[in-house]
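Take a look at the letters that make up each chain.
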Amino acid sequence: MRLTEVQVRAAKTPPGVAQADLWDSTVRGLSLRVTAKGVKTFSLKYRNACGKEKRIKLGRYPDMSLADARAAAMEHRARIARGEDPAADKKTPEPEERTVSSLIDEFVKRHASFNKSGKETERILRREVEPTFGTRDYASITRAEMIGLIETIADRGAPVLARNTLAAVRKMFNWAVSRDLLDRSPCDRVKAPGRAPKRERALSTEEARAIWRAAQEIEWPFGPLIQLLMLTGQRRTEIANLRWSWIDEEKTTLIFPATIMKNGREHLLPMSPPVAEIVKDLPRFGDDDRVFRSRTNASKNVVSGFSKAKRRLDQLSGVADWVLHDIRRTVATQMNALGVQDTTVDRVLSHIIPGVSGVYNKHKYLDEKRDALERWALFLIALP
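Residues numbered from 1 in each chain as written. Predicted model: local features only at pLDDT ≥ 70, side-chain atom pairs only at ≥ 80, totals over all residues. Heavy atoms only, no water.

### Observations regarding the overall build of the chain
The helix and strand inventory of the chain stands at 15 helices and 7 strands. Overall size of the chain, expressed as C-alpha extent along the three principal axes, is 75 × 50 × 45 Å. Here the contacts in the chain between residues at least 6 apart in sequence split such that 61% fall between residues at least 24 apart. A total accessible area of about 20,300 Å² is found for the chain, and carbon and sulfur atoms account for 52% of it. (Helix = DSSP H or I, 4+ residues; strand = E, 2+ residues; numbered from the N terminus. Contact = heavy atoms within 4.5 Å. Areas by Shrake-Rupley, 256 points an atom, 1.4 Å probe, with all protein chains shown as cover.)

Structure, rendered in structure tokens:
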């Protein structure tokens, strides 16, 4: 059958049966094994290159969702198609290698680095998990300790980060279970903290102008980076990852590839004259394609140190209680106030367009987007 989350959640063994397998028709060999005690485990059954039948454990439900199980199974099936045997390399490290730090290293190397969100997952694990548990044997981490870590993050006023940390560490420990490094994840049945209230903060025109002026006083890379965020309304990660090869100077257009975009689609964004001027004055470093790179560590892939830069921006501007993503909401709000249509604003921000228009309308709206961005840039710069 084609398994669903509802079926997985309700699955039970027939009376008198110790365990039963439910096979998924979507991914060949994927099954959910249910025991009479209600333990549910995803696994993948396959034949290796020698024709020997094997089964590899992927993870326990509900720690591992059906979608995650399918993704893991498809990843293993791709390896099997290349002649590899996933079960053959499931070996427990030597005792001296059983630290959480070593587990993070292996997880990033063998799994997270292949995913679109891998860099963010690694960043969270390094910053929020490794300082607390890095030297510990990963098999010794308890559910109570994991709950304590997540609650500590939430209690410092970062509920969204707490949820993201739980998601990242849960993926890592589920991966460890699937590799037979652990029998059970310490994240099993750990509940995520409640969702933070949805932010609705948009900067006033006075606040926007103050932040714009403050950004002009901050040196590269953060000063120009903040200015580009304010002029374009794009996400922080999209501008921070900007490459020279994405800039079409002849057509004065930024071309964000699908791999960097949240919606997975290429995004064409016209450059207003102020954006083109800022880009033209940015320093270049030989053959390095990155527009913004770390000043202290040139080998880093993405510029870092946003928290420190944000504190200085607050100090110079005098604006409090805001986050960088509020700039994006501010751009949308102000464009609407300038008479820009919602559909054009959505396309400037690279939102998914719902309904028939989103599926069949392939018009790029470049002229409309260019007009909207130029109107917004003139308004922002002219603010008293």
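### Thoughts on the packing of helix α4 (residues 118-133) against helix α6 (residues 159-178)
At a minimum axis distance of 9 Å, the contact between α4 and α6 shows a crossing angle of 105 degrees. If you check the angle between α4 and α6, you find them roughly perpendicular. Residues T121, I124, L125, R127, E128 and V129 of α4 form the contact with α6, whose participating residues are L161, N164, T165, A168, V169 and M172. Of the residues in the contact of α4 with α6, the class split is 7 nonpolar, 3 polar and 2 charged. (Axes fitted to C-alpha atoms, helices over the stretch in contact; angles between N-to-C directions. Parallel < 35°, antiparallel > 145°, perpendicular 65-115°, else oblique. Nonpolar A, V, L, I, M, F, W, Y, C, P; charged D, E, K, R; others polar.)

### Re the sheet that holds strand β7 (residues 267-270)
The strand order across the open sheet formed by 3 strands is β5-β6-β7, and the pairing between neighbours is antiparallel. Each edge of the sheet is formed by a strand with only one pairing partner; in this case those strands are β5 (247-248) and β7. Taken together, the 2 bridges between β5 and strand β6 (residues 253-256) define a ladder with antiparallel strand orientation. Each residue of the ladder has a partner; that of I247, found in β6, is L254. (Pairing = 2+ DSSP bridges.)

### Description of helix α11 (residues 306-317)
A rise of 1.5 Å per residue sets the reference length of α11, with its 12 residues, at 16 Å; its end C-alpha atoms lie 16 Å apart and thus fit the reference within 8%. Inspection of α11 places F306, A309, K310, L313 and S317 among the buried residues, and these make up the whole buried set. Seen from one end, α11 has its buried residues packed into an arc of 100 degrees, which puts them on one side. Facing away from the buried side of α11 by over 90 degrees, the exposed positions are K308, R311 and Q315. (Expected span 1.5 Å × (residues − 1). Buried < 20%, exposed > 50% of the residue type's maximum accessible area, 1.4 Å probe, protein only. Arc of directions from axis to C-beta.)

### Topic: the pattern of salt bridges
Here the structure, examined in full by the defined rule, presents 30 salt bridges. Where D326 meets R329, a salt bridge forms, and the shortest distance between an N and an O atom there is 2.8 Å. Of this pair, D326 and R329 both sit in helix α12 (residues 325-337), separated by 3 residues, roughly a single helical turn. Connected through shared salt-bridge partners, D105, E122, R126 and E130 make up one network. (Salt bridge = Lys/Arg side-chain N within 4 Å of Asp/Glu carboxyl O.)

### Considerations on the pairing of strand β2 (residues 30-35)
Along a regular strand, successive side chains alternate from one face of the sheet to the other. Bridge count for strand β1 (residues 19-23) against β2 is 5 bridges, and the pairing is antiparallel. Paired with D21 across the bridge in β2 is R33. Counted along the chain from β1 to the antiparallel partner β2, the turn is 6 residues long, and its residue G29 has a positive phi close to 90 degrees. Relative to strand β3 (residues 40-47), β2 runs antiparallel, the two being bridged by 5 bridges. Of the residues in β3, the one forming a bridge with L32 is F42.

### Observations regarding the packing of aromatic side chains
One pass over the structure, following the stated rule, counts 6 aromatic pairs. Between W220 and F285 the ring centres are 5.5 Å apart and the planes differ by 45 degrees, which places this aromatic pair in the tilted class. In this pair, W220 sits in the loop between α7 (205-217) and α8 (222-232) while F285 sits in the loop between α10 (273-281) and α11, placing the two residues 65 residues apart along the sequence. On the basis of relative accessibility, which here comes to 18%, the residue W220 falls in the buried class. A residue is classified by how much of its surface remains accessible, and F285, at 29% relative accessible area, is partly exposed. (Phe/Tyr/Trp six-rings, centres within 6.5 Å; stacked < 30°, edge-to-face > 60°.)

### Considering the confidence of the model for the chain
Model confidence for the chain is summarised by a mean pLDDT of 87, while 92% of its residues fall at 70 or above. Taken element by element, the chain is modelled with least confidence in helix α14 (residues 355-360), mean pLDDT 49, and with most confidence in α8, mean pLDDT 96. Every residue in residues 92-96 is under pLDDT 50, and counting partners more than four places away or in other chains gives 6 contacts. (pLDDT = per-residue confidence, 0-100.)

### A few points about the nonpolar core
The biggest cluster of nonpolar side chains holds 53 residues, and the ones touching the most others in it are F292 and M335. Formed by 31 residues, the second largest nonpolar core is a distinct cluster that contains F107, F133, I153 and A158. (Core = buried A, V, L, I, M, F, W, Y, C linked by side-chain atoms within 4.5 Å.)

### Concerning the packing of α8 against helix α15 (residues 366-382)
In contact at an axis separation of 9 Å, α8 and α15 are set at 125 degrees when each is read in the N-to-C sense. Between α8 and α15, the angle falls in the class oblique. Along its contact with α8, which presents M230, L231 and T232, the element α15 presents L373, W376, A377 and L380. Class assignment of the residues belonging to the contact of α8 with α15 gives a composition of 6 nonpolar, 1 polar and no charged.

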